[in-house]
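# Architecture and fold: a report
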Amino acid sequence: MNQRFEHLIAQAETGGGTEWISEAELLEFNEYLAARGYGVARMEVSRAAGGTVNRNFGYGVLPAPLGDDPEHWLNHFDPVRSAEYVREQVQYAKEDGALFDYKVWAEQP
């Protein structure tokens, strides 16, 4: 058991979410969550030191869809799909040259 990630899970299940974590830690934590049956319900981003973008909600995970997006909810209820969606969002930010720290809320469907 990874004590650090267990501590982050305890935070992620609260209204405050996790502390801000780096991209590298997020990607490891994301896999840990999925392996334990958790999906990312919400993810905020904030510019990391040296990053070029201050804040862009397009790089996060919103708790509810914008408009009519029936696929959105599938990302919340399937931990494997959720993990893939988080990886895609991080890659999307990287392709835009953005470097973020992340705050995560997670739940078991």
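That block above? That's the structure.
Since this is a predicted model, take the numbers as computed values, not measurements.

### Re the packing of helix α1 (residues 3–12) against helix α2 (residues 23–35)
Axis separation between α1 and α2 bottoms out at 11 Å; the angle between their running directions is 80°. Viewed along their axes, α1 and α2 adopt a mutual orientation that is roughly perpendicular. Contact with α1, carried on its side by Arg4, Phe5, Glu6, Leu8 and Ile9, involves Glu25, Glu28, Phe29, Tyr32 and Leu33 of α2 and no other residues of that element. For the contact of α1 with α2, the class distribution of residues is six nonpolar, no polar and four charged.

### Description of α1
Regarding α1, the residues found buried are Phe5, Leu8, Ile9, Gln11 and Ala12. Along the axis of α1, the buried positions cluster into a sector of 160°, meaning they face one direction only. Each element contacted by the buried residues of α1 is listed here: β1 (21–22), α2 and β3 (100–107). The residue sitting at the N-terminus of α1 and contributing the capping side-chain oxygen is Asn2; that oxygen lies 3.0 Å from the backbone nitrogen of Arg4.

### Points about the side chain of Glu23
Mapped onto the elements, Glu23 comes out in helix α2. Those residues within four positions of Glu23 in sequence are excluded, and the remaining contacts are Val90, Lys94, Leu99, Phe100 and Tyr102.

### Structural notes on the sheet that holds β1
In a beta sheet, neighbouring strands pair by backbone hydrogen bonds and run either parallel or antiparallel. Pairing is antiparallel across the open sheet formed by three strands, whose spatial order is β1-β3-β2. Of all the strands in the sheet, the pair left with one neighbour each is β1 and β2 (39–47). Bridging between β2 and β3 involves eight bridges; their strand directions are antiparallel. If you follow Arg47 over to β3, its bridge partner there is Phe100. Those strands touched by helix α4 (residues 79–95) are β2 and β3, and its axis lies near 15° from that of β2.

Reading the values: the criteria
Residues numbered from 1 in each chain as written. Predicted model: local features only at pLDDT ≥ 70, side-chain atom pairs only at ≥ 80, totals over all residues. Heavy atoms only, no water. Axes fitted to C-alpha atoms, helices over the stretch in contact; angles between N-to-C directions. Helix = DSSP H or I, 4+ residues; strand = E, 2+ residues; numbered from the N terminus. Parallel < 35°, antiparallel > 145°, perpendicular 65-115°, else oblique. Contact = heavy atoms within 4.5 Å. Nonpolar A, V, L, I, M, F, W, Y, C, P; charged D, E, K, R; others polar. Buried < 20%, exposed > 50% of the residue type's maximum accessible area, 1.4 Å probe, protein only. Arc of directions from axis to C-beta. Polar contact = N/O pair within 3.5 Å; in protein donor to acceptor, adjacent residues only side chain to side chain. Pairing = 2+ DSSP bridges.

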